[in-house]
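Report on the structure
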Amino acid sequence: MFAVLILPSFRLSAALRWRAELWDAPVALVEKAGAKDIVVACTPAASAAGVRSGQPTPQALARCAELLILPPTPAQERALDAALLEVAFSFSPEVEQTAPGICTVDLRRAGIRDYDAWAKTAADRAHQCAKNVQLGVAENPDLAFLAARNARQILVVKSARDFLTSLAVQELDPPPQLLGILHDWGIHTLGQLTALPRGELADRLGPDSARLWERAAGRTERLLRLSRVPETFAESAEFEYEVESTEPLLFLLRRFLDSLTARLAGLHRVTERMTLELALEGSQRYERDFQVPSPTADPSVLFRILETHLETLRLEQHPVGLRLVLASALPSHDQFQLFENTLRDPNRFGETLARISALVGGGSVGVPVLEDTHRPDRWRLAEPRFHESTKTTAPALPMDGIPLRRFRPGFSANVQIVDHVPAFIVSEKALGAVIKAGGPFRLDGGWWDARDTWTTEEWDVELADGSLWRISRTDTAWQLEGSYDESALPAAKSNIVPFRAV
Amino acid sequence: MQANSAIAGLRALLAEKFPAAPPRKSGDALPTGLADFDEKHGGLQRGVVTELHGSTGHGALFTAAMMEHAALAQHYLALVDAGRTFDPGSHAPHTLARLLWVQCTTAAHALKSADLLLRDGNLPLILLDLQSLPLRALGRIPANTWHRFQHVAAETTCAFVVLTPQPIVEAARTRIHAENRWNLGSLTLRRKELLGGFALQASARGALNEQRIA
């Protein structure tokens, strides 16, 4: 058995996808044809007022003064087509994208016993994609197509002969000349056509009539041109006006995510990455990738990530279009070590990091990673991957002494040298006689690159007040690099909070 | 004593993994890896604000101790560094891998970042290092900020430690005072040796915490 999903008025459905309330209003989709604007599709309300496909726009407006004219939305058409394909893939891996808004599914290896029950479930799933999807089930692809086209919502063809007998010949879209001849003969239904002997019909009217007869008898067989499962899932919308606040964007993003995650769930997949694209005024674009820390199909989690970002986003131009692309993956199942701690809610953690990054700047949050150099204070911040099973592989190197507190930038200092050893320091932070000094620790590098050659001489010093500092000299300039231990500062009484131990 | 410490560690791990489990009993704490301190106090109390005050060296060494223990116990910690003075070069790479470092330039940013991490509740240990800020800036932090932190911390299983040069955290349920003296020779000692002699004195506030620490 085969199933066909059809989205009638596909282009209009795409244009009204996120504006379902307009289905009850007189709306026409208008496309430029040469010098004229022609109506290509319209809502039932517009049809009732006399608007028809092929009419020039002025004529349509003359028939219906309240007619709302919409332009085609190619991006939304592509998104809707992809959505329909994804729904089809949730039924079977063997799917053909027959035409825009039409998918054919091979169900022969799906192991379905009750096609009526299956069709109801399948239709419910398809309606998450678009409310007006029609589903037809029959023994071959062409018959299933006819069933879908003539279904109110669902039509399961159990007897091809009974179904086809009363259908008009026009349903098979015969060549106009052939249709004229058949009508002249008084042949109007497929039942009347198949009552004629096939061979004699072909002798008189040619091979087209033989193919028409086969289709009318429901006997055609063809191979499906199979499509591949999409790796990305996208939704998009084009605005008729410039969006000036985040509310409309958030409203649409929530609906996008509800739709996309439902499609993902149908394929048992989760989202591992999102891409938000904003089309801005003046052909500018804004694009941002979001890595989902713990891949999920939960729309609320994904929405929070986008909402957090949009809250802090500042653009010079207003958005005129929106596109959201989800990259899917199979759910991962990590086996953690017995005593390994990972994050309870990695997505919430990711959201918190995004908020902190927005507060202190993106380059100020992360996991410090030392660079492979002896040059002081060389490190970079890596993105935290705490949610992954991370058995530490770095060797547990023993460290010495008190960790340095490094001043960024360092304080300039005047250092008096006696017998090649620092004897007195004057700087903004440290002042006093050096009672003990360790050094010099001479470091240099980059000698192979004239632009990046560096050399420095470091000293650890202890001052008379007990404080410990690191100072350094480059060429002739001294600098206070940091402190190991500054003497406890004199108590400022107003700042001390009384604390009673009980 | 070693067995007690292991059981406390196991409890802490189970609480981390199964947050929906029955509420913790008093005495639940995050071990610090500082033998004396853990023996006396069981570790850092979860769900309360703890203040460690002392010289800057104490704060840096305490941070190093927490990082060492996090690597050992395989948990993560966050350091909200208000003065951007943390030096990655002073720490072993395997301890850095478990640290989330948040660099802030103002007290307001540091407080807000710590608040976000505390509310997030994913990391078992959050250190808010204010030791590098001038006292004038610390004095401008409203007292109710710390009460708010205490209120938020009570809803989590995080250990939240504020490192300050002087006692300023009015709402701190536990206050740790450090009075070690070091000299230039200390800089050549193995850090393990330094931590072995790292003396911390904790005092608790309120009946509930008195029980916990006892």
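Residues numbered from 1 in each chain as written. Chains lettered and ligands numbered in written order. Predicted model: local features only at pLDDT ≥ 70, side-chain atom pairs only at ≥ 80, totals over all residues.

1. Overview of the overall build of chain B
Scanning chain B for helices and strands turns up nine helices and nine strands. Counting every position in chain B, which comprises 214 residues, the buried fraction comes to 53%. (Helix = DSSP H or I, 4+ residues; strand = E, 2+ residues; numbered from the N terminus. Buried ≥ 20, exposed ≤ 12 C-beta atoms within 10 Å, placed from the backbone.)

2. Considerations on the interface of chain A and chain B
Across the boundary between the two partners, chain A contributes 65 residues, which contact 66 residues of chain B. At the level of elements, helix H14 (346–360), strand E13 (365–370), strand E14 (379–382), strand E15 (405–418), strand E17 (431–445), strand E18 (454–463) and strand E20 (477–485) of chain A are the ones that each hand at least two residues to the side of chain A that touches chain B. A class-by-class count of the residues in the side of chain A that touches chain B yields 37 nonpolar, 13 polar and 15 charged. In this sheet, strand E5 (residues 99–103) of chain B lies alongside E13 of chain A in antiparallel orientation, the contact comprising two bridges. Within the sheet, the bridge partner assigned to Val365 of chain A lies in E5 of chain B and is Val102 of chain B. (Contact = placed C-beta atoms within 7 Å. Nonpolar A, V, L, I, M, F, W, Y, C, P; charged D, E, K, R; others polar. Pairing = 2+ DSSP bridges.)

3. Overview of the nonpolar core
Core analysis: the biggest nonpolar cluster contains 109 residues, and Leu77, Val80, Ile126 and Leu127 of chain B have the highest contact counts within it. For this core, the leading source of residues is helix H3 (residues 56–73) of chain B, giving 10 residues. If sequence neighbours within four positions are ignored, Leu127 of chain B has contacts with Thr63, Met66, Leu77, Ala78, Leu79, Val80, Val161 and Leu163 of chain B. In this structure, Val39, Val87, Ala147 and Leu193 of chain A belong to the second largest nonpolar core, which totals 64 residues. (Core = buried A, V, L, I, M, F, W, Y, C linked by C-beta atoms within 7 Å.)

4. Observations concerning the confidence of the model for chain A
Detailed reading of the predicted model is not advised wherever pLDDT is low. When pLDDT is averaged across chain A, the result is 85; 93% of the residues are at 70 or more. Segment residues 489–502 of chain A: pLDDT under 50, and 24 contacts once partners within four positions in sequence are set aside and those in other chains are kept. (pLDDT = per-residue confidence, 0-100.)

5. A word on the sheet that holds strand E7 (residues 159–164) of chain B
Across the sheet, which stays open at both edges, the nine strands sit in the order E14(A)-E13(A)-E5(B)-E4(B)-E6(B)-E7(B)-E3(B)-E8(B)-E9(B) with mixed pairing between neighbours. Looking at which strands have only one partner, the edges of the open sheet turn out to be E14 of chain A together with strand E9 (200–204) of chain B. Mean inter-strand twist for the sheet, computed between neighbouring axes without regard to direction, equals 30°. Sheet analysis places E13 of chain A next to E14 of chain A, joined by four bridges and oriented antiparallel. Among the inter-strand pairings, Leu370 of chain A is bridged to a residue of E14 of chain A, identified as Trp379 of chain A. Of the strands in this sheet, strand E4 (77–81), E5, strand E6 (125–129) and E7 of chain B are in contact with helix H5 (residues 107–120) of chain B, which crosses E6 of chain B at around 175°. With respect to the sheet, helix H7 (residues 143–154) of chain B is in contact with strand E3 (49–53) and E7 of chain B, its orientation differing from that of E3 of chain B by roughly 130°. (Axes fitted to C-alpha atoms, helices over the stretch in contact; angles between N-to-C directions.)

6. Here's the deal with the sheet that holds strand E11 (residues 285–296) of chain A
In any sheet, the strands associate via hydrogen bonds between backbone groups, in a parallel or an antiparallel arrangement. Residues and elements named next belong to chain A. Read across the open sheet, the four strands follow the order E9-E12-E10-E11; overall the sheet is antiparallel. Every interior strand has two partners, whereas the edge strands, strand E9 (232–238) and E11, have only one. Pairwise comparison of adjacent strand axes, ignoring direction, gives a mean angle of 15° for this sheet. In this sheet, strand E12 (residues 319–329) lies alongside E9 in antiparallel orientation, the contact comprising seven bridges. Counterpart to Ser236 in the pairing with E12 is Arg323. The strands that helix H4 (residues 74–89) touches are E9 and E12; relative to E9, the one it contacts most, it runs at about 145°. Strands E9, strand E10 (270–280) and E12 of the sheet are contacted by helix H12 (residues 246–266), whose axis makes an angle of about 25° with E12.

7. Overview of the pairing of strand E3 (residues 36–42) of chain A
Residues and elements named next belong to chain A. In this sheet, E3 lies alongside strand E2 (residues 27–33) in antiparallel orientation, the contact comprising six bridges. Bridge pairing in E3 links Lys32 to Asp37. The antiparallel pairing of E2 with E3 creates a hairpin that spans two residues between the two strands, and Gly34 there sits at a positive phi of about 70°.

8. Considerations on the packing of H5 of chain B against H7 of chain B
Residue and element names in this part refer to chain B. Two elements in contact, H5 and H7, have axes whose closest approach is 9 Å; the angle formed by their N-to-C orientations is 15°. As the angle between them shows, H5 and H7 are arranged roughly parallel. Relative to H7, H5 is oriented so that their crossing is left-handed. Contacts between H5 and H7 involve Leu111, Asp115, Leu118 and Arg119 from the former and Thr145, Phe149, Val152 and Ala153 from the latter. Here the contact of H5 with H7 is composed, by residue class, of five nonpolar, one polar and two charged. (Parallel < 35°, antiparallel > 145°, perpendicular 65-115°, else oblique. Left-handed = near helix turned anticlockwise from the far one by under 90°.)

9. A closer look at H12 of chain A
Residues and elements named next belong to chain A. Between its first and last C-alpha, H12 extends 30 Å over 21 residues, near the 30 Å set by a 1.5 Å rise per residue. Here H12 has its buried residues at Leu249, Leu253, Phe256, Leu257, Ser259, Leu260, Thr261, Arg263 and Leu264. Of the surrounding elements, those touching the buried residues of H12 are H4, helix H5 (115–129), E9, E10, helix H13 (299–312) and E12. Looking one or two residues beyond H12, the residue adopting positive phi is His268, at roughly 60°. (Expected span 1.5 Å × (residues − 1).)

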